[in-house]
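Given next are the chains, with one letter for each unit.
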Amino acid sequence: ENVVAAASLRENHGLSFMGVTPAGPFDVPQATADGWLKAENSDRSRSNAQVVRQYFNGLDITRRVRNVWIVDFGVDMPLEEAKLYHLPYTHVEDKVKPIREHNNRPAYREYWWIHAESRPAMRKALEPLPRYIGTSMVAKHLTFAWIDREVLPANLVIVVARDDDYFFGALHSKPHRLWALRQGTSLEDRPRYTPTSTFETYPFPWPPGKEPKDDPRVQAIAKAAAELVRQRDDWLNPHGLGEQDLQKRTLTNLYNERPDWLAAAHEKLDAAVFDA
């Protein structure tokens with residue numbers, strides 16, 4: 001079938017987003033962020049933790065977490081308010097402003113302390129959730145992972161504003177993976193996942209938000225998904241493994257190897273999704 005002709009489903013709108021596009025060196029290593037988070041501002045009500053967040057790109061999902069942080073003044077913080085966060089603001093003024101003042105887009109020049117694409121709709125959708133689902137836009141394997149609400153996703157992370165195991169399972173199942181491969185474009189040999197052509201066109205077992213939570217089929221998908229994540233996490237972060245060996249424990253390497261327990265966990269999840 002020509003699935004590329006599939007139309008966008010309005011039931012799927014408002015759930016999947018690209019992460020932010022900073023357009024400037026807003027990011028800093030964890031050691032710098034740690035210093036900022038311990039520092040006090042002259043206005044004691046202003047904690048740097050309000051504007052300094054952990055920052056994920058696709059590699060934080062497919063490999064190991066890089067421990068990169070970013071200055072984030074939200075979508076519309078006035079300049080005078082941003083200045084109250086002294087160390088983060090000084091970094092952005094020194095590193096970002098000289099670059100953004102020459103940008104061709106007036107908004108990027110005038111609001112140089114704000115990320116170029118700050119994704120207000122994404123922020124609003126993620127705000128009430130304790131965690132959300134993320135995937136790398138471009139990767140060898142289409143894998144999804146849980147991301148903590150405090151983490152800000154970059155533009156090459158596609159996020160889904162759901163925090164339940166059922167929806168994670170529906171996304172990580174074979175039907176959705178095959179759909180994504182047919183619908184998505186690709187970069188070299190790596191499929192590209194997008195909110196519009198891939199996510200919004202996909203026919204979920206039930207329209208998002210209309211799943212009958214007490215239905216045994218929904219519960220079976222949720223249970224299989226939670227077990228898959230538990231087993232993956234045990235493999236990714238085993239107790240007592242040295243740092244050098246730990247760096248090899250990535251989702252990409254895991255899905256390259258595809259051990260029997262992983263295949264069995266996915267088979268169980270796929271069966272539950274097909275049943276639905």
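Placed above this text is the structure.
The paragraphs below set out a description of the structure included in this document. Numbering of residues starts from 1 in every chain and runs along the sequence as written. A pLDDT threshold of at least 70 governs which residues receive local features in this predicted model, and a stricter bar of 80 or more applies before side-chain atom pairs are shown or counted, although totals over entire chains, interfaces and linings include all residues. Side-chain numbers come from the whole structure's heavy atoms, not from hydrogens or water.

In DSSP terms, a helix is any run of H or I states spanning at least four residues, a strand is any run of E spanning at least two, and both are numbered starting from the N terminus. To estimate how far a helix should extend, the number of its residues minus one is multiplied by 1.5 Å. For helix H14 (residues 260-275), which comprises 16 residues, the first-to-last C-alpha distance of 22 Å matches the rise-based estimate of 22 Å (1.5 Å per residue) to within 8%. Exposed residues in this analysis have more than 50% of their type's maximum accessible area, buried residues have under 20%, and partly exposed residues fall in between, with area computed by a 1.4 Å probe over protein chains only. The set of residues buried in H14 consists of Leu-262, Ala-263, Ala-265, His-266, Leu-269, Asp-270, Ala-272 and Val-273. In this structure, the buried side of H14 is in contact with helix H8 (165-171), helix H9 (174-183), helix H11 (216-236) and helix H13 (251-257). Residue contacts are counted whenever heavy atoms from the two residues lie within 4.5 Å of one another.

The next thing to look at is the sheet that holds strand S6 (residues 145-148). In short, DSSP must find at least two bridges between two strands for them to pair. Taken in spatial order, the 4 strands line up as S1-S8-S5-S6 in an open sheet, and their pairing is antiparallel. Because the sheet does not close on itself, it has two edges, and the strands there are strand S1 (16-18) and S6. Within this sheet the neighbouring strands show an average axis-to-axis angle of 40°, counted without direction. Inspection of the sheet shows strand S5 (residues 131-136) paired to S6 by 4 bridges, in the antiparallel sense. The residue of S6 that forms the bridge with Ile-133 is Trp-146. To obtain each axis, a line is fitted to C-alpha atoms, and for helices this fit is confined to the stretch in contact; angles are then taken between N-to-C directions over 0 to 180 degrees.

Inspection of the secondary structure assignment puts Leu-59 in helix H2 (residues 58-62). Taking relative accessible area as the criterion, Leu-59 reaches 33% and is therefore assigned partly exposed.

All right, on to the pattern of salt bridges then. A carboxyl oxygen of Asp or Glu within 4 Å of a side-chain nitrogen of Lys or Arg is what we treat as a salt bridge. Inspection of every chain in the model, using the stated rule, returns 16 salt bridges. The partner of Arg-123 in a salt bridge is Asp-72, and the shortest N-O contact between them spans 2.9 Å. With Arg-123 in helix H7 (residues 120-126) and Asp-72 in the loop between strand S4 (68-71) and helix H3 (79-82), the pair connects residues that are 51 residues apart, well separated along the chain. Taking the relative accessible area as the measure of exposure, Asp-72 reaches 4% and is therefore buried. The residue Glu-80 makes a salt bridge to Lys-83 at a minimum N-O spacing of 3.4 Å. Linked through salt bridges whose partners overlap, the residues forming this network are Asp-43, Arg-46 and Glu-81.

Once that is clear, we can look at unusual backbone geometry. The backbone of Ala-23 shows a phi angle near 60°, a positive value even though the residue is not glycine. In this fold, Ala-23 is placed in the loop between S1 and strand S2 (27-29). Judged by its relative accessible area of 31%, Ala-23 is partly exposed. Here the phi dihedral of Asn-67 falls at roughly 60°; this positive angle occurs in a residue that is not glycine. Mapped onto the fold, Asn-67 is located in the loop between H2 and S4.

A few words now on the nonpolar core. Residues grouped as a nonpolar core are buried Ala, Val, Leu, Ile, Met, Phe, Trp, Tyr and Cys residues, joined through side-chain atoms within 4.5 Å. Within the largest apolar cluster, 76 residues are counted, with the highest numbers of intra-cluster contacts made by Phe-73, Phe-167 and Leu-171. Looking at which element gives the most residues to this core, the answer is H11, with 9 residues. Residue contacts for Phe-167: discarding those within four places in its chain leaves Leu-15, Ile-133, Val-160, Arg-162, Phe-199, Phe-204, Pro-208 and Glu-211.

Here the focus is helix H4 (residues 86-95). Inspection of H4 places Pro-88, Tyr-89, His-91 and Val-92 among the buried residues, and these make up the whole buried set. The buried residues of H4 occupy an angular sector of 155° when the element is viewed end-on, so they sit on one face. The inward-facing, buried residues of H4 abut S2, helix H1 (30-38), strand S3 (52-56), S4, H3 and helix H5 (97-100). Taking the helix axis as origin, the arc is that swept by the directions to the C-beta atoms.

Another aspect to go through is the layout of surface pockets. Both site types are read off a 1 Å grid over the protein atoms alone. A 1.4 Å probe that fits but cannot get out defines a cavity, while an open set with protein on both sides within 12 Å along at least five of seven lines defines a pocket; lining residues have an atom within 4 Å of a point. Grid points are joined across faces, edges and corners, and a volume is the space filled by probe spheres set on the points. The volume enclosed by the largest pocket comes to roughly 470 Å³. Arg-53, Asp-72, Arg-123, Glu-127 and Arg-149 are, among the 21 residues lining the largest pocket, the residues nearest its centre. Of all elements in the fold, only S3, H7 and strand S7 (152-153) reach the threshold of two or more residues within the lining of the largest pocket. For the lining of the largest pocket, the element with the most residues is H7, which contributes 5 residues. Throughout this entry, Asp, Glu, Lys and Arg are counted as charged residues, while Ala, Val, Leu, Ile, Met, Phe, Trp, Tyr, Cys and Pro are counted as nonpolar. The remaining residues, Gly among them, count as polar. For the lining of the largest pocket, the per-class residue count stands at 11 nonpolar, 3 polar and 7 charged.

These results come straight from atomic positions and should not be treated as a statement about function.
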